[in-house]
Structures are given as C-alpha cells and as structure tokens.
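# Coordinates in review
Letter by letter, the chains look like this.
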Amino acid sequence: MSLVSRVRGFATNSSVQGFTGAIGNTPLIYLRGLSEKTGAHIFGKAEFQNPGGSVKDRAALGVVADAEERGLIKPGGTVVEGTAGNTGIGLAHVCRAKGYNCVIYMPNTQSQEKIDLLQMLGADVRPVPAVAYDHPENYNHQARDYAKELPNAIWTDQFDNTANASAHYASTGPEIWDQTGGDLDGFICATGTGGTLAGVGQYLQERSRGKTQIWLADPPGSVLNSYVNSGGKLIERTGSSITEGIGQGRITNNLGTIVNKLSGAFTVPDEKSIRMVYDLLDTEGLYLGASSALNVVAAVELALKLGKGSKVATVLCDGAYRYQSRLFSKAWLKTKGLQDSIPAHLKKYAVLD
C-alpha cells in the first residue's frame, strides 16, 4: 500500500467523550499540487479540524489536564491565561466542557471579533495595554498575578509550561508518525510558544533515530531564525508580520527543549505567505490562515532542500475564517503593500473591499 493511500485511514472510527474527546486524530492531507511541482511528498496536518478550530486545542487540553493530574485545580476552579489568539479560544472551550471558569488577559490592540468570540464562549475577557514582555504590566504577567490572588485557580502559562510540548509529544507526534508509516524525512513549522515544534520534533527524532530532520520556519520580525543560525545569539526583535500567533523574541521553555537539536531554520517573507493563502484555496480547496500558509511555503522549501522523493510534513494551524476580513480584503492588502504578491489569476478571491 502506498504512503498516500494509507493517510486517511487514521481518523477515529468510534464515538468520543464530548469536546475534549474530539481533540486530535486529525487527518494528514497530501498536498498533491505542491507535491507534483516539487517532485516530493508534502503533507499538512489538518489541525483546523480540531473542534475549537485550531492546533491550540491540543495545548489547551494538555495544560489543563496536567494541572488536574497534579492536583492544582479542583472542580469549579478558574483557568487564567494571557493570550491574544487561538489558545484563549481553545481554553474557553475546554473550560466550558470541564466546568471551569476562564479568564483571558489580552492586549487591547486585538480585534473586537476576538473579544466577542471569547465572551460568547463564556470567558471573562480583560483587555490591557499592549506592552513588551519584559514590562511588569505585560498581559502575560497580569494573568499570572491574577491567578495567584484567587483560590483554586491556575495560570496555564502556555509559553513556558512544558505540558504544552508534552501534549504534542503524546498526540500530534505519534499521529504523524503513524500516518506516514514511520517514513518521514522532514518536519517543519513556525513557532510561537514552541509547544508544537518541540513536542512533535522530539517524538519524531526519537522514533526515527535521528532520520527525520526537524526545522523551524520563522515569520518576519521574529528572532528565532537568527538564533538558530548564529549558534545561539539573541538579537533585538524588530519588524512585524501579517501572521498571528507565531514568531518570538525569546527562547521559551517549550522551545528550549529542542532548539539546540534543530537541523536548521529560515525566514518566510509575508509575500510568499499571502500568495500561498490564495494558492492553497485555488489548487487544493483549502481555506487556511496566514500561519498555515507560511508553514506550507516552508514545507515546500524544505522538500526542495531535501531533494526529489523526500517526504515532508507540516501543520495547518487553523482556517482563514478568523482572518478573512483582512486576508481577502483589497484595501487591507494594499495597506500592507501585498496587492502585487497575488497573481492576476488569483485576485478573484480578494472579494472584500
């Protein structure tokens, strides 16, 4: 049986227990068009099919389950996190399913749509001024301090709580290994907390006995590519990217578990990421966000590095639904100077003014 024909059979074939039981066991999608163009085999882990809509459902369940196992939270307790994106959504879902209160601190620069969604999921959302991580009023530190004040409460600390990476070591990594029949030359993805890359990467390195190369993809404005390729020198973070939830200015505890074992790293420009958003929609029928598109660009580039016939996997983090008002807006593309990055035959998808 060929590798491609094995892939879809991994989906669960029995009922599951509620929201949390539905997390994981996502399909591994063979990206046929890109594979044919490169002469390689490129796969995307369909994390947008998690019940909360993103890869962050795994981390959310992982950090809460870890706190439960260690006796840090009891029924009726409160889960607190500082997050500007999908981790908060995942936590809000998990808290509803498990009967916990959920408090989310986020920078006040975030969209009203994000705030509305979290509130619809029952979270207590607290926007605070956007300041650097080393500032005591950073939203992460405020979340930590608030949790300390409450009885029966935890701060899940998604960036430095390695239960995040452990969740991927226990689930995402084994799934990818099984879905590829243990035959995988490379895995690559961008990182924010570092959980996915660290957990998946460590598992694949161990199971393959070092055969599977683990690479980091970085958006503009992040320092991780520079850190890896300079032998461990951190530079000051400058610039920004259209992607959300990825890129970093420091080495988190999660990333720290694998950063010195990586095979390499490189930066993916926004121009390539936005084009891939449109390419994937047009050629694969996949409606994905910019971070997913960046990962696919990176998977293509890694496949080209590894050569014809190589097998490379990445993560399709979430769908474009949470970003469509920008990614498919002609006005937004123009403000970002990206309108010319979309080929003429794909501009038909930019339907919003």
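The following paragraphs examine the structure supplied in this document. Quick caveat: nothing in here was measured; it's all calculated off a predicted structure. (Residues numbered from 1 in each chain as written. Predicted model: local features only at pLDDT ≥ 70, side-chain atom pairs only at ≥ 80, totals over all residues. Heavy atoms only, no water.)

In this fold, Phe328 is placed in the loop between helix 15 (324-327) and helix 16 (330-335). Using a relative accessible area of 4% as the deciding quantity, one classes Phe328 as buried. Ignoring anything within four residues of it in the chain, the contact list for Phe328 reads Val277, Tyr278, Leu281, Tyr287, Ala320, Tyr349, Ala350, Val351 and Leu352. (Helix = DSSP H or I, 4+ residues; strand = E, 2+ residues; numbered from the N terminus. Buried < 20%, exposed > 50% of the residue type's maximum accessible area, 1.4 Å probe, protein only. Contact = heavy atoms within 4.5 Å.)

What follows deals with the sheet that holds strand 5 (residues 124-128). The strand order across the open sheet formed by four strands is 5-4-3-6, and the pairing between neighbours is parallel. Of all the strands in the sheet, just strand 5 and strand 6 (153-155) have a single pairing partner and so form its edges. Going across the sheet, the axis of each strand differs from the next one's by a mean of 15°, ignoring polarity. Pairing of strand 4 (residues 101-107) with strand 5 involves five bridges; the strand directions are parallel. Paired with Met106 across the strands is Pro127, a residue of strand 5. (Pairing = 2+ DSSP bridges. Axes fitted to C-alpha atoms, helices over the stretch in contact; angles between N-to-C directions.)

Attention shifts here to the sheet that holds strand 7 (residues 186-190). Spatially, 1-2-10-7-8-9 is the arrangement adopted by the six strands of the open sheet, whose pairing is mixed. Each edge of the open sheet is held by one strand with a lone partner, namely strand 1 (28-30) and strand 9 (264-267). For this sheet, the mean inter-axis angle between neighbouring strands, taken without regard to orientation, is 25°. Looking at chain direction, strand 7 and strand 10 (residues 311-316) are connected through two bridges and run parallel. Note on strand 10: the bridge partner recorded for Gly186 is Val312.

Time to look at the packing of helix 4 (residues 56-69) against helix 8 (residues 163-170). One can describe the packing of helix 4 onto helix 8 by two numbers: an axis separation of 8 Å at closest approach and a directional angle of 115°. Here helix 4 is positioned roughly perpendicular relative to helix 8, judged by the angle of their axes. Here helix 4 runs over helix 8; the crossing is right-handed. Residues Arg58, Ala59, Gly62, Val63 and Asp66 of helix 4 pack against Ala163, Asn164, Ala167 and His168 of helix 8. Looking at the contact of helix 4 with helix 8 residue by residue, the classes come out as four nonpolar, three polar and two charged. (Parallel < 35°, antiparallel > 145°, perpendicular 65-115°, else oblique. Left-handed = near helix turned anticlockwise from the far one by under 90°. Nonpolar A, V, L, I, M, F, W, Y, C, P; charged D, E, K, R; others polar.)

This part takes up the pattern of salt bridges. Counted according to the given criterion, the structure contains 16 salt bridges. In this structure, the salt-bridge partner of Asp160 is Arg250, at a minimum N-O distance of 3.1 Å. On the criterion of sequence distance, the pair formed by Asp160 in the loop between strand 6 and helix 8 and Arg250 in the loop between helix 11 (224-229) and helix 12 (253-256) is long-range, its members being 90 residues apart. Across the salt bridge formed by Arg326 and Glu244, the nearest N and O atoms sit 2.4 Å from each other. With Arg326 in helix 15 and Glu244 in the loop between helix 11 and helix 12, this pair connects stretches of sequence that are 82 residues apart. Shared partners join several salt bridges into a network, and the residues in it are Lys45, Glu47, Arg58 and Glu175. (Salt bridge = Lys/Arg side-chain N within 4 Å of Asp/Glu carboxyl O.)

Take the pairing of strand 7 next. Burial runs high along strand 7: five of the five residues are buried. By the alternation rule, side chains of strand 7 split into Gly186, Ile188 and Ala190 and Phe187 and Cys189, which are all buried. As paired strands, strand 7 and strand 8 (residues 213-218) are joined by five bridges and run parallel to one another. Paired with Ala190 across the strands is Ala217, a residue of strand 8. Regarding the hand of the β-α-β motif, the stretch spanning strand 7, helix 10 (residues 195-208) and strand 8 is right-handed. (Right-handed = clockwise from strand over helix to strand, strands pointing away.)

Interhelical geometry of helix 9 (residues 172-179) versus helix 10 gives an angle of 45° and a closest axis separation of 8 Å. In terms of axis orientation, helix 9 runs oblique to helix 10. For the element pair helix 9 and helix 10, the recorded crossing hand is right-handed. Facing helix 9, whose interface residues are Thr172, Gly173, Pro174, Ile176 and Trp177, helix 10 presents Val200, Tyr203, Leu204, Arg207 and Ser208. Residues belonging to the contact of helix 9 with helix 10 are distributed by class as follows: six nonpolar, three polar and one charged.

Our focus in this paragraph is unusual backbone geometry. One non-glycine residue, Asn152, adopts positive backbone phi at about 50°. For Asn152, the location among the structural elements is in the loop between helix 7 (139-149) and strand 6. Positive phi outside glycine occurs at Asp157, with the angle close to 50°. Within the fold, Asp157 resides in the loop between strand 6 and helix 8. By relative accessible area, which is 17% here, Asp157 ends up buried.

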